[in-house]
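# Descriptive structure summary
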Amino acid sequence: MARMFSLGLMLLAWASAAPAGGFGRWEIGLRGCSLSQGQMGQPQPLRELEQNCVRLRLEQNMEGLLSVRLITPSANQLFGSRSLVFAGVLAPGQKPMRCGADGECKPQWPIRLDVSSVATNVELDGSPAPTLPRALLAKGACLLERRRLRCEASDSSGQLWEAQARL
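The structure reproduced in this document is the subject of the present report. Bear in mind that the values here come from a model prediction, so they are computed numbers and not experimental data.

When helices and strands are counted, the protein chain shows one helix and 12 strands. Looking at the 167 residues of the protein chain, the share that counts as buried comes to 38%. Residue pairs at least 24 apart in sequence account for 55% of intrachain contacts in the protein chain once pairs closer than 6 positions are excluded.

Further remarks concern the environment of V118. Positionally, V118 belongs in strand β9 (residues 111-120). Considered as a pair, V118 and F86 are 32 residues apart in the sequence and their alpha carbons are 4.8 Å apart.

Ranked by internal contacts, the top residues of the largest apolar core, which has 29 residues, are L56, L58, V68, L70, F86 and L149. Looking at this core, the elements with two or more residues in it are β2 (32-39), β4 (55-62), β5 (65-73), β6 (81-90), β9, β10 (134-144), β11 (148-155) and β12 (159-166). A per-element tally of this core places β9 first, with four residues.

On to the environment of G22. Of note, G22 is situated in the loop between α1 (2-17) and β1 (24-29). A residue is classified by how much of its surface remains accessible, and G22, at 9% relative accessible area, is buried. For the pair G22 and C99, spaced 77 residues apart in the sequence, the C-alpha separation amounts to 5.4 Å. Residue contacts for G22: discarding those within four places in its chain leaves Q60, M62, E63 and C99.

Under the counting rule described, the total for this entry stands at three disulfides. Covalent S-S linkage joins C33 and C53, the inter-sulfur distance amounting to 2.2 Å. The chirality of the disulfide connecting C33 with C53 is left-handed, given an S-S dihedral of about -50 degrees. Taken together, the residues C33 in strand β2 and C53 in the loop between β3 (47-50) and β4 connect sequence positions 20 residues apart.

Counted according to the given criterion, the structure contains six salt bridges. R69 serves as the salt-bridge partner of E59, at 3.6 Å between the closest nitrogen and oxygen. Taken together, the residues span a long stretch of sequence, with E59 in strand β4 and R69 in strand β5 at a distance of 10 residues. Through salt bridges with shared partners, a single ionic network connects E27, R55, R57, E59 and R69.

Counted according to the given criterion, the structure contains one cavity of 30 Å³ or more. If you add up the space inside the largest cavity, you get close to 50 Å³. Taken together, Q60, G64, L65, L66, L90, K95, P96, M97 and I111 make up the full set of residues lining the largest cavity.

This paragraph deals with the pairing of β2. Burial analysis of β2 places six of its eight residues in the buried class, the great majority of the element. Here β2 runs beside β12; their pairing, made up of eight bridges, is antiparallel. The residue of β12 that forms the bridge with G38 is L160.

On the surface, R31, R146, R147 and R166 cluster together into a patch of positive charge. In this structure, R147 sits in the loop between β10 and β11. Of the residues examined, R147 reaches a relative accessible area of 58% and is grouped as exposed.

Criteria and thresholds
- Residues numbered from 1 in each chain as written.
- Predicted model: local features only at pLDDT ≥ 70, side-chain atom pairs only at ≥ 80, totals over all residues.
- Heavy atoms only, no water.
- Helix = DSSP H or I, 4+ residues; strand = E, 2+ residues; numbered from the N terminus.
- Buried < 20%, exposed > 50% of the residue type's maximum accessible area, 1.4 Å probe, protein only.
- Contact = heavy atoms within 4.5 Å.
- Core = buried A, V, L, I, M, F, W, Y, C linked by side-chain atoms within 4.5 Å.
- Disulfide = S-S within 2.5 Å.
- Salt bridge = Lys/Arg side-chain N within 4 Å of Asp/Glu carboxyl O.
- 1 Å grid on protein atoms, 1.4 Å probe; cavity = no way out; pocket = protein on both sides within 12 Å on 5 of 7 lines; lining within 4 Å.
- Points joined across faces, edges and corners; volume = space filled by probe spheres on them.
- Pairing = 2+ DSSP bridges.
- Patch = residues over 30% accessible without salt bridge, like charges linked within 9 Å, V, L, I, M, F, W, Y side chains within 5 Å.
- Areas by Shrake-Rupley, 256 points an atom, 1.4 Å probe, with all protein chains shown as cover.
- Lys, Arg positive; Asp, Glu negative; His and termini not counted.
- Charge placed at Lys NZ, Arg CZ, Asp CG, Glu CD.

Written out as structure tokens, the structure is:
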């Protein structure tokens, strides 16, 4: 029994000392942000979703997989936020973020992402009611540079999602 307990403690110590394995996140405040959504091929301009994105979060759950999350404060909740997420795989030749054991990462600029899904809980119709998150298969790309971001993706119904931000 004592032997199993000490073995368990050794495994716990080893696991906590092991490197993060290429996963973690990086977050920064934004100087400006524009999110828009509309139907592809329509003559009217895309509809602005939010004007006040405040943060950008890059999440790397596995080397090569990345999500780009644009976070806005929620107008109808005391605590909470809304977000638009572009997720996918790094484009060929791109380097994953370098992550430490604490899960903090450092991007290696520029980052090109092949988008395969979009997720949002941003109010699409201007409704004050909370919106449930929804995820959609999509196709597109993101380009992240040291000072700016541009993402664009369309889903199978022809819905176009765009984001631009200044870091």
